[in-house]
Amino acid sequence: MLARLDGAYRQLEGFNADVAHELRTPLASLIGETELALHRERGITELKEVLGSNLEDLQRLASLVNDMLFLSRADRGERARRSLVRSLAALAAEVVDFHEAALHEAGVGARVQGDAEGEFDSALLRRALSNLLANATRFAQRGTVIDIDIAPDATGSVRLSVSNSGPAIPAEHLPRIFERFYRADRAREHGKDNHGLGLAIVAAIARMHGGTAFAHSRSRTSVGISLRTSDLRPPAQKLNCTPMLTVRPGPGVGTFDIGSR
Ligand SMILES: Nc1ncnc2c1ncn2[C@@H]1O[C@H](COP(=O)(O)OP(=O)(O)OP(=O)(O)O)[C@@H](O)[C@H]1O
Ligand SMILES: [Mg+2]
């Protein structure tokens, strides 16, 4: 019990430090640019440019804060609002359409395979698939195809996975990619655009459905979620302390499942 409490405390401490790091760089750049703009007389065009660039940074900060608020609501036990989704393939196709420009720019295709229906929170599923597809698009090798697989099974669960070819995630990083602010490529740490929250949100969405998130990376990288097609769990209990993230190795090298909290 003491070891778990210590672990939770360290996790919270680390989380606070990560938040501070993520906020410090864009805030420093906003302050610097604004100070510079105020330093001497500038024309309206130049001032508009500064405001435009500051607005972009502010929008990034707002989306970072929104992501953190979402994760905190999930930690407090917020559950998915389920309603009937007749076709997960149609939902996935909508997400692909939304990413069309990014896919085109990356020179990769995307196809949806399989289908299932069930009771899910469609807005949350769109968000999870969107995060997975954004990652796959970023890491996919040019000229290849990203697969979105929808695989229902006989036990009333469905696996949604997004797979791409490209550099594999090293086995030592794989168990940690669902952690907040974790980026396997340390060079991109504290980068402007990617905060390492996308997969933490994917795992939270799985938990909100009483499901799990998983990742495999060998010749292809495949990341996804496994969900019950309807809610069978008793109503959520309120959590009084920072919950621990349970990571348990799945079958085979480089395969990990994140247990539901
Ligand atoms: N398909 C993939 N191929 C290779 N590495 C991946 C893939 N998906 C995720 N990763 C690794 O996992 C890390 C965590 O992913 P996550 O989506 O949480 O963060 P991010 O994409 O870096 O930032 P954000 O999602 O906040 O923009 C990534 O930084 C990357 O190192
Ligand atoms: Mg991401």
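Residues numbered from 1 in each chain as written. Chains lettered and ligands numbered in written order. Predicted model: local features only at pLDDT ≥ 70, side-chain atom pairs only at ≥ 80, totals over all residues. Heavy atoms only, no water.

Description of the environment of S122
Alright, step 1. In this fold, S122 is placed in helix α5 (residues 122–139).
Alright, step 2. The class for S122 is partly exposed, based on a relative accessible area of 24%.
Alright, step 3. Each C-alpha atom of the pair S122 and L91 lies 7.7 Å from the other, and the pair is 31 residues apart in sequence.
Alright, step 4. Here S122 is in contact with V85 and L91, once residues within four sequence places are set aside. (Helix = DSSP H or I, 4+ residues; strand = E, 2+ residues; numbered from the N terminus. Buried < 20%, exposed > 50% of the residue type's maximum accessible area, 1.4 Å probe, protein only. Contact = heavy atoms within 4.5 Å.)

Focus on the pattern of salt bridges
Alright, step 1. Evaluation of the coordinates by the stated rule reveals 13 salt bridges.
Alright, step 2. A salt bridge links E46 to R42; the nearest nitrogen and oxygen atoms lie 2.6 Å apart.
Alright, step 3. Looking at E46, the relative accessible area reads 34%, which means it is partly exposed.
Alright, step 4. Given a relative accessible area of 18%, R42 falls into the buried group.
Alright, step 5. R127 serves as the salt-bridge partner of D67, at 2.8 Å between the closest nitrogen and oxygen. Of this pair, D67 sits in helix α2 (residues 44–75) while R127 sits in helix α5, and the two are 60 residues apart along the sequence. (Salt bridge = Lys/Arg side-chain N within 4 Å of Asp/Glu carboxyl O.)

Notes on the confidence of the model for the protein
Alright, step 1. When pLDDT is averaged along the protein, the result is 86, and 86% of the positions lie at 70 or above.
Alright, step 2. Segment residues 235–261: pLDDT under 50, and 63 contacts once partners within four positions in sequence are set aside and those in other chains are kept. (pLDDT = per-residue confidence, 0-100.)

Some details on the pairing of strand β7 (residues 220–228)
Alright, step 1. In terms of burial, β7 is a largely internal element, 7 of the 9 residues being buried.
Alright, step 2. Taken together, the 9 bridges between strand β5 (residues 157–165) and β7 define a ladder with antiparallel strand orientation. Paired with V162 across the bridge in β7 is V223.
Alright, step 3. Pairing between strand β6 (residues 212–217) and β7: 6 bridges, direction antiparallel. Bridge pairing links A215 to V223 in β7. (Pairing = 2+ DSSP bridges.)

Side note on the packing of helix α1 (residues 2–39) against α2
Alright, step 1. Orientation of α1 relative to α2, taken along the N-to-C sense of each, is 165°, at an axis distance of 10 Å. Between α1 and α2, the crossing angle belongs to the class labelled roughly antiparallel. Of the two elements, α1 crosses α2, and the hand of that crossing is left-handed. In this structure, α1 contributes V19, E22, L23, P26, L27, S29, L30, E33, T34 and A37 to the contact, and α2 contributes L47, V50, S53, N54, D57, L58, L61, L64 and M68. (Axes fitted to C-alpha atoms, helices over the stretch in contact; angles between N-to-C directions. Parallel < 35°, antiparallel > 145°, perpendicular 65-115°, else oblique. Left-handed = near helix turned anticlockwise from the far one by under 90°.)

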